[in-house]
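# Residue-level structure breakdown
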Amino acid sequence: MSVCWRVWLGGWINGQNSVTYTFRVISGTPTIGYGLAQGAYQNNAPVHIQLNGTSVATITSDVGPDGSTMSSNAVLWSRTLSPGVYRLTLSGSMFNIYGLWTNDPQGIQPGN
């Protein structure tokens, strides 16, 4: 997936919290993804992903000790979506979120 940053919202999530993105796919079938960029801090615990209230994944890769960083870009989860409204929630006890990645930023509109 050729990636570009589509939405910025995030930082270090600590203490069993979550972050939720709402967006509308307005055209095409874009792929949306959660990942960590080269040089970003690794997650320190698994990340749980829900799409429209349904659990779709638990990310256990690229979990490292506090202070460890990514040696390369990594898309840890992705899904191809059709037009519609979506709510993507990431939760966990210690993870990083720098934004969502997509291969088609013109096909996705933040908010609902």
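Residues numbered from 1 in each chain as written. Predicted model: local features only at pLDDT ≥ 70, side-chain atom pairs only at ≥ 80, totals over all residues. Heavy atoms only, no water.

### Quick word on the side chain of Ser68
- Tracing the sequence through the fold places Ser68 in the loop between strand E5 (54–59) and strand E6 (74–80).
- Within the structure, Ser68 has its side chain in polar contact with the backbone oxygen of Pro65 (distance 2.7 Å).
- Not counting residues up to four positions away in its chain, the partners in contact with Ser68 are Ala40, Tyr41 and Gln42. (Helix = DSSP H or I, 4+ residues; strand = E, 2+ residues; numbered from the N terminus. Polar contact = N/O pair within 3.5 Å; in protein donor to acceptor, adjacent residues only side chain to side chain. Contact = heavy atoms within 4.5 Å.)

### Some points on the side chain of Thr31
- As for its position among the elements, Thr31 is in strand E3 (residues 31–36).
- At 3.0 Å, the side chain of Thr31 and the side chain of Thr80 are in polar contact.

### Regarding the nonpolar core
- Membership of the largest hydrophobic core comes to 26 residues, with the highest contact counts inside it found for Phe23, Tyr34, Ile49, Leu88 and Leu90.
- At the level of elements, strand E2 (11–25), E3, strand E4 (47–51), E5, E6 and strand E7 (84–97) are the ones that each hand at least two residues to this core.
- The element contributing the most residues to this core is E7, with five residues. (Core = buried A, V, L, I, M, F, W, Y, C linked by side-chain atoms within 4.5 Å. Buried < 20%, exposed > 50% of the residue type's maximum accessible area, 1.4 Å probe, protein only.)

### A short note on unusual backbone geometry
- Its identity is not glycine, yet Asn52 carries a phi of approximately 50°, on the positive side.
- Turning to its location among the elements, Asn52 is positioned in the loop between E4 and E5.
- Accessibility expressed as a relative area gives 43% for Asn52, which makes it partly exposed.

### Let's talk about the packing of aromatic side chains
- Applying the stated criterion across every chain yields a total of one aromatic pair.
- When the centroid spacing of 5.7 Å and the interplanar angle of 20° are considered together, the rings of Phe23 and Tyr86 count as stacked. Here Tyr86 lies in strand E7 and Phe23 lies in strand E2, a separation of 63 residues in the sequence. This pair shows no difference in class: Phe23 is buried, exactly as Tyr86 is. (Phe/Tyr/Trp six-rings, centres within 6.5 Å; stacked < 30°, edge-to-face > 60°.)

### Structural notes on the confidence of the model for the chain
- Confidence in the prediction of the chain, expressed as mean pLDDT, is 84, and 86% of residues score 70 or more.
- Across residues 1–8, confidence stays below pLDDT 50; counting only partners more than four residues off in sequence or on other chains, it has 32 contacts. (pLDDT = per-residue confidence, 0-100.)

### So, the environment of Gly33
- As for its placement among the helices and strands, Gly33 is situated in strand E3.
- Look at Gly33 and you get buried, because its relative accessible area is 0%.
- Here the alpha-carbon distance between Gly33 and Leu100, two residues 67 residues apart in the chain, equals 5.7 Å.

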